[in-house]
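Observations on the model geometry
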Amino acid sequence: MATPPLAASGMAPGPFAGPQAPQATREVNTASLCRIGQETVQDIVYRTMEIFQLLRNMQLPNGVTYHTGTYQDRLAKLQDHLRQLSILFRKLRLVYDKCNENCGGMDPIPIEQLIPYVEEDGSKNDDRAGPPRFASEERREIAEVNKKLKQKNQQLKQIMDQLRNLIWDINAMLAMRN
């Protein structure tokens, strides 16, 4: 499994010769590093699934004679997958460290600012209605809506019960008429 060149990101790109040299000097941004990290995680999951598949197919050493060629082949595959898995984890650590390095200077945005909301009076008064107060107001509104919803559901249930009883009575009268 080949790893993409990350020369500009501070990771050792390895020896490049010929036409690959210009590709190694391109700058790798945080978004592409995240994509590489996502692909690496997918590769790790795939390799892990393959390892478990190999382990499931291996026989336990219960004294039964086993073909040594098959055993050696499966053992070699298992060791290769484990080696590739350790390489992928090292690659993921490099990508993670580089992403943290690139994002180190950014100021984290408070989560409350990421949640959009509309104030009822139309004006923005940060002193009066901050995000914590908005959350409690919204919880109260949700509780009120849930209470109203439960009441409506009870009313609908009563209507359905009345209709069921009416239909039962109608069917009973029709059965008596016959």
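Residues numbered from 1 in each chain as written. Predicted model: local features only at pLDDT ≥ 70, side-chain atom pairs only at ≥ 80, totals over all residues. Heavy atoms only, no water.

A short note on the overall build of the protein chain
- Regarding its fold elements, the protein chain presents five helices and zero strands.
- Reading the helices (α) and strands (β) of the protein chain from amino to carboxyl end gives α-α-α-α-α.
- Every one of the 178 residues in the protein chain was classed for burial, and the buried ones make up 16%.
- Considering only contacts in the protein chain between residues 6 or more positions apart, those separated by 24 or more positions represent 59%.
- For the protein chain, the computed accessible surface area is about 14800 Å², with 58% contributed by carbon and sulfur atoms. (Helix = DSSP H or I, 4+ residues; strand = E, 2+ residues; numbered from the N terminus. Buried < 20%, exposed > 50% of the residue type's maximum accessible area, 1.4 Å probe, protein only. Contact = heavy atoms within 4.5 Å. Areas by Shrake-Rupley, 256 points an atom, 1.4 Å probe, with all protein chains shown as cover.)

Concerning the pattern of salt bridges
- All chains considered together, the criterion is met by seven salt bridges.
- Note that Arg83 is salt-bridged to Asp80, the shortest N-O span being 2.6 Å. Of this pair, Arg83 and Asp80 are both found in helix H3 (residues 68-102), three residues apart, which corresponds to roughly one turn of the helix.
- Exposure remark for Asp80: the relative accessible area of 29% places this residue in the partly exposed category.
- One salt bridge in this structure joins Arg93 and Asp97, with 3.4 Å as the shortest N-O distance. In this pair, Arg93 and Asp97 are both assigned in helix H3, four residues apart and thus about one turn of the helix distant.
- Using a relative accessible area of 48% as the deciding quantity, one classes Arg93 as partly exposed.
- Residue classification places Asp97 among the partly exposed positions, given a relative accessible area of 37%.
- A cluster of three or more residues bridged by salt bridges with shared partners is formed by Lys157, Asp161 and Arg164. (Salt bridge = Lys/Arg side-chain N within 4 Å of Asp/Glu carboxyl O.)

Digging into the UniProt feature "coiled-coil region" (unreviewed entry) in the protein chain
- As recorded in UniProt, the feature "coiled-coil region" (unreviewed entry) lies at residues 135-169.
- Secondary structure content for residues 135-169 is 100% helix and 0% strand, while the C-alpha to C-alpha distance between its ends is 51 Å. (UniProt positions renumbered as here; feature names shortened; annotations may be inferred.)

Section: the packing of helix H2 (residues 30-57) against H3
- Interaxial distance between H2 and H3 falls to 9 Å at its minimum, and their mutual angle equals 160°. Taken as axis vectors, H2 and H3 run roughly antiparallel relative to one another. Where H2 crosses over H3, the two elements pack in a sense that is left-handed.
- Partitioning the contact of H2 with H3 into residue classes produces 16 nonpolar, eight polar and seven charged. (Axes fitted to C-alpha atoms, helices over the stretch in contact; angles between N-to-C directions. Parallel < 35°, antiparallel > 145°, perpendicular 65-115°, else oblique. Left-handed = near helix turned anticlockwise from the far one by under 90°. Nonpolar A, V, L, I, M, F, W, Y, C, P; charged D, E, K, R; others polar.)

What about H2?
- Compared with an ideal rise of 1.5 Å per residue, which puts 28 residues at 40 Å, H2 spans 40 Å between its outermost C-alpha atoms and is within 8% of the ideal.
- Listed in full, the buried residues belonging to H2 are Ser32, Leu33, Ile36, Gly37, Thr40, Ile44, Arg47, Ile51 and Leu54.
- Contacts from the buried residues of H2 go to H3. (Expected span 1.5 Å × (residues − 1).)

Here's the deal with the side chain of His81
- With respect to the helices and strands, His81 occurs in helix H3.
- If we ignore the near neighbours within four places in the chain, the residues touching His81 are Arg47, Glu50, Ile51 and Leu54.

Some words on the nonpolar core
- In terms of nonpolar packing, the biggest core is built from six residues, these being Ile44, Ile51, Met58, Leu78, Leu85 and Leu88.
- When residues of this core are traced back to their parent elements, those giving at least two are H2 and H3.
- Looking at this core, the element that brings in the most residues is H3, giving three residues.
- Counting residues in each nonpolar core, the second largest holds five residues, with Val28, Leu33, Ile36 and Cys99 among its members. (Core = buried A, V, L, I, M, F, W, Y, C linked by side-chain atoms within 4.5 Å.)

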